[in-house]
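Chain by chain, the residues run as shown.
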Amino acid sequence: MNILLSNDDGYQADGIRILEEVLVSHGHTVYVSAPEGEQSGKSHSMTIRGEIAVTKYGERHFHISGTPADCIVYSHRSALFPVNFDAVISGINHGYNLSTDVIYSGTCAAARQATMYGIKAIAVSLQRKNEEKLRLLAAFVADNLERFLSVIPEGAFMNINAPLSFDGSSYEKAGLGFIVYDDQVSIKETHGDRIILEITDCDLIHHPSSSKYRADHEICNDGKASISIVNILPDVDEKAMEFLR
């Protein structure tokens, strides 16, 4: 398969490097279009005005001055790569993209943007950076890639998260939980009318999934990988819609 890799940790991150090595060892042709630096938490931010700088750093490898979504847009819509991609895989991210994080995540945004172009896409994340577990998770994705791609419907992408205790095979179908980030924001400095704020602490409050499947964060806490198929568009509230005139 022709597979495009991207991420939000930057093109030099261990996760994308290891994922590429494993996919190549499975016989795939891998292309890379990743941000030139850290882009975590940029969600689906895109550069729609101005220029994007693209730097070739190897055969079939480019890093891009924009966001993860930009990496997909400018790779797909330009002549950077003279192929049609069979799949886009975003990751492996150094840190979870669970539950509410699918909104904030640049990793998920790259997969979502690929889905908008009609390309099957998977976002992959590990609890924390760990080379042994990155290789284990990359092998899990590569070994099951064709099966995973076959079940992804139009208009959705697959989101895989694995804890450090992941054994390389155990997973569960997951609903999206809800995580409240109870940010503590403090005034760091004041300079006349200019105020410098910073987040000094954050408590995470986890809520269960509203679907029939267990929440992804609960599954990862049990030591298994969570696998969710996520629609790219949020749904409307049908009950509330009934009250509209």
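In what follows, the accompanying structure is described. As the structure is a prediction and not an experimental result, all values here were calculated from the model.

Take the pattern of salt bridges next. On inspection of all chains with the given rule, the structure shows nine salt bridges. We note a salt bridge from E21 to R135, for which the minimum N-O separation is 3.0 Å. On the criterion of sequence distance, the pair formed by E21 in helix α1 (residues 14-25) and R135 in helix α5 (residues 131-143) is long-range, its members being 114 residues apart. Between R135 and E131 there is a salt bridge, with the nearest N and O atoms lying 3.5 Å from each other. Placement of the pair is R135 and E131 together in helix α5, with a separation of four residues, close to one helical turn.

A few words on the layout of surface pockets. Put simply, the largest pocket is a space of about 920 Å³. Its volume calculated, the second largest pocket comes out at about 180 Å³. What lines the second largest pocket is Y96, L98, D101, Q127, I179, Y181, L204, H206, H217 and N221. Only β9 (178-191), β10 (194-207) and α7 (216-221) provide two or more residues apiece to the lining of the second largest pocket. Of the residues in the lining of the second largest pocket, the class split is five nonpolar, four polar and one charged.

Moving on: helix α2 (residues 68-76). Within α2, seven of the nine residues are buried, leaving the element largely enclosed by the surrounding structure. Those residues of α2 that sit buried are P68, A69, D70, C71, I72, V73 and S75. Lining the buried residues of α2 we find β1 (2-6), β2 (29-35), β4 (61-64), β5 (87-94) and α4 (106-116).

We now examine α5. Taking 1.5 Å of rise per residue, 13 residues should cover 18 Å, and α5 covers 18 Å from first to last C-alpha, within 8% of that figure. Every buried residue belonging to α5 is among K133, L134, L137, A138, F140, V141 and A142, and all of these are buried. Residue N130 occupies the N-cap position of α5, its side-chain oxygen lying 3.2 Å from the main-chain nitrogen of E132.

All told, the structure shown has 10 aromatic pairs when counted by the stated rule. Judged by centre distance (5.4 Å) and plane angle (75°), the rings of Y31 and F81 are edge-to-face. With Y31 in strand β2 and F81 in the loop between α2 and β5, this residue pair connects regions lying 50 residues apart in the sequence. Here F140 and F166 contribute two aromatic rings whose centre-to-centre distance is 5.2 Å and whose plane-to-plane angle is 75°, an arrangement assigned as edge-to-face.

This next bit is on a nonpolar patch on the surface. Together, V185, I187, I195, L197 and I199 line one region of the surface with nonpolar side chains, adding up to about 510 Å² of accessible area. Of all the secondary-structure elements, those providing two or more residues to the nonpolar patch are β9 and β10. Ranked by residues supplied to the nonpolar patch, first place goes to β10 with three residues. Locating I195 in the fold gives a position in strand β10.

The interhelical angle for the contact between α2 and α4, taken along N-to-C directions, is 25°, at an axis separation of 7 Å. Classified by the angle between their axes, α2 and α4 sit roughly parallel to one another. Crossing handedness for the pair α2 and α4: right-handed. For the pair α2 and α4, the contacting residues are P68, A69, I72 and V73 in the first and G106, A110, Q113 and A114 in the second. Partitioning the contact of α2 with α4 into residue classes produces six nonpolar, two polar and no charged.

Reading guide: rules and limits
Residues numbered from 1 in each chain as written. Predicted model: local features only at pLDDT ≥ 70, side-chain atom pairs only at ≥ 80, totals over all residues. Heavy atoms only, no water. Salt bridge = Lys/Arg side-chain N within 4 Å of Asp/Glu carboxyl O. Helix = DSSP H or I, 4+ residues; strand = E, 2+ residues; numbered from the N terminus. 1 Å grid on protein atoms, 1.4 Å probe; cavity = no way out; pocket = protein on both sides within 12 Å on 5 of 7 lines; lining within 4 Å. Points joined across faces, edges and corners; volume = space filled by probe spheres on them. Nonpolar A, V, L, I, M, F, W, Y, C, P; charged D, E, K, R; others polar. Buried < 20%, exposed > 50% of the residue type's maximum accessible area, 1.4 Å probe, protein only. Contact = heavy atoms within 4.5 Å. Expected span 1.5 Å × (residues − 1). Polar contact = N/O pair within 3.5 Å; in protein donor to acceptor, adjacent residues only side chain to side chain. Phe/Tyr/Trp six-rings, centres within 6.5 Å; stacked < 30°, edge-to-face > 60°. Patch = residues over 30% accessible without salt bridge, like charges linked within 9 Å, V, L, I, M, F, W, Y side chains within 5 Å. Areas by Shrake-Rupley, 256 points an atom, 1.4 Å probe, with all protein chains shown as cover. Axes fitted to C-alpha atoms, helices over the stretch in contact; angles between N-to-C directions. Parallel < 35°, antiparallel > 145°, perpendicular 65-115°, else oblique. Left-handed = near helix turned anticlockwise from the far one by under 90°.

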